[in-house]
Amino acid sequence: MSEEEIGKLAAEIQDIQQRFQEHSQTIEDLRNLAIGITRMDGEIKCIKNDVQAIKEGIKQNSARPRMWLDKIIAAAIGAVTSGIVAAILSQVLK
């Protein structure tokens, strides 16, 4: 081999080494990106669960006034019915 061919081969080897280093860095960056995405996915799932729990709590809190209103209505209906039954019995038993 002549010195010219050896020089070309050395330049090519140097170029290949430089591209290898660039690719190695790109692969490392992709690996770090994949790890970051995995972590973010886990955090998003936790946030999603928290939001769902908050929604459930809000639904339960908003349903409480209806439950109280239902109890009041049921008590009023019971009182009116008891009064009507008492009035009917007092008329019948006279």
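Structure: above.
Everything in this summary refers to the structure shown in the same document. (Residues numbered from 1 in each chain as written. Predicted model: local features only at pLDDT ≥ 70, side-chain atom pairs only at ≥ 80, totals over all residues. Heavy atoms only, no water.)

### Re the overall build of the protein chain
Put simply, the rule reads: Put simply, DSSP H or I for four residues or longer makes a helix, DSSP E for two residues or longer makes a strand, and each gets a number counted from the N terminus. Only the C-alpha atoms count toward the radius of gyration. The rule for a globule is 2.2 Å times the residue count to the power 0.38. Three exposure classes are used, based on accessible area relative to the maximum for each residue type with a 1.4 Å probe and protein chains only: buried under 20%, partly exposed in between, and exposed over 50%. In this description, accessible areas are obtained by the Shrake-Rupley approach with a 1.4 Å probe, and a residue is regarded as covered only by the protein chains that are shown. The charge count includes Lys and Arg as positive and Asp and Glu as negative, but it does not include His or the ends of the chains. In this description, the location of a charge corresponds to atom NZ of lysine, CZ of arginine, CG of aspartate or CD of glutamate.
For the protein chain, the helix and strand inventory stands at one helix and zero strands. Scaling as 2.2 N^0.38, a compact globule of 94 residues should have a C-alpha radius of gyration of about 12 Å, whereas the protein chain reaches 40 Å, well beyond that. The 94 residues of the protein chain split such that 0% are buried. Summed over its atoms, the accessible surface of the protein chain is roughly 8,700 Å², and 64% of this surface lies on carbon and sulfur atoms. Across the protein chain, the centroid of the 12 positively charged side chains sits 29 Å from that of the 13 negatively charged ones.

### Description of a nonpolar patch on the surface
Inclusion rule: Without a salt bridge and with relative accessible area above 30%, a residue can belong to a patch; like charges are then joined within 9 Å and nonpolar side chains (Val, Leu, Ile, Met, Phe, Trp, Tyr) within 5 Å. Every case where a carboxyl oxygen of Asp or Glu lies within 4 Å of a side-chain nitrogen of Lys or Arg is listed as a salt bridge.
Among the surface-exposed residues, Val-80, Ile-84, Val-85, Ile-88, Leu-89, Val-92 and Leu-93 lie close enough to one another that they form a single nonpolar patch of about 690 Å² accessible area. Along the polypeptide, Val-80 turns up in helix 1 (residues 3-92).

### What to know about the pattern of salt bridges
Here the structure, examined in full by the defined rule, presents four salt bridges. Of the charged contacts in the structure, one is a salt bridge between Asp-15 and Arg-19, with a shortest N-O distance of 3.5 Å. Placement of both Asp-15 and Arg-19 in helix 1 is noted, with a separation of four residues, approximately one turn of the helix. Owing to a relative accessible area of 37%, Asp-15 belongs among the partly exposed residues under this scheme. For Arg-19, a relative accessible area of 42% gives the class partly exposed. For Arg-31, the salt bridge is made with Glu-28, and the minimal N-O distance between the two is 3.1 Å. Residue Arg-31 and its partner Glu-28 are located together in helix 1, separated by three residues, close to a single helical turn. Residue classification places Glu-28 among the partly exposed positions, given a relative accessible area of 33%.

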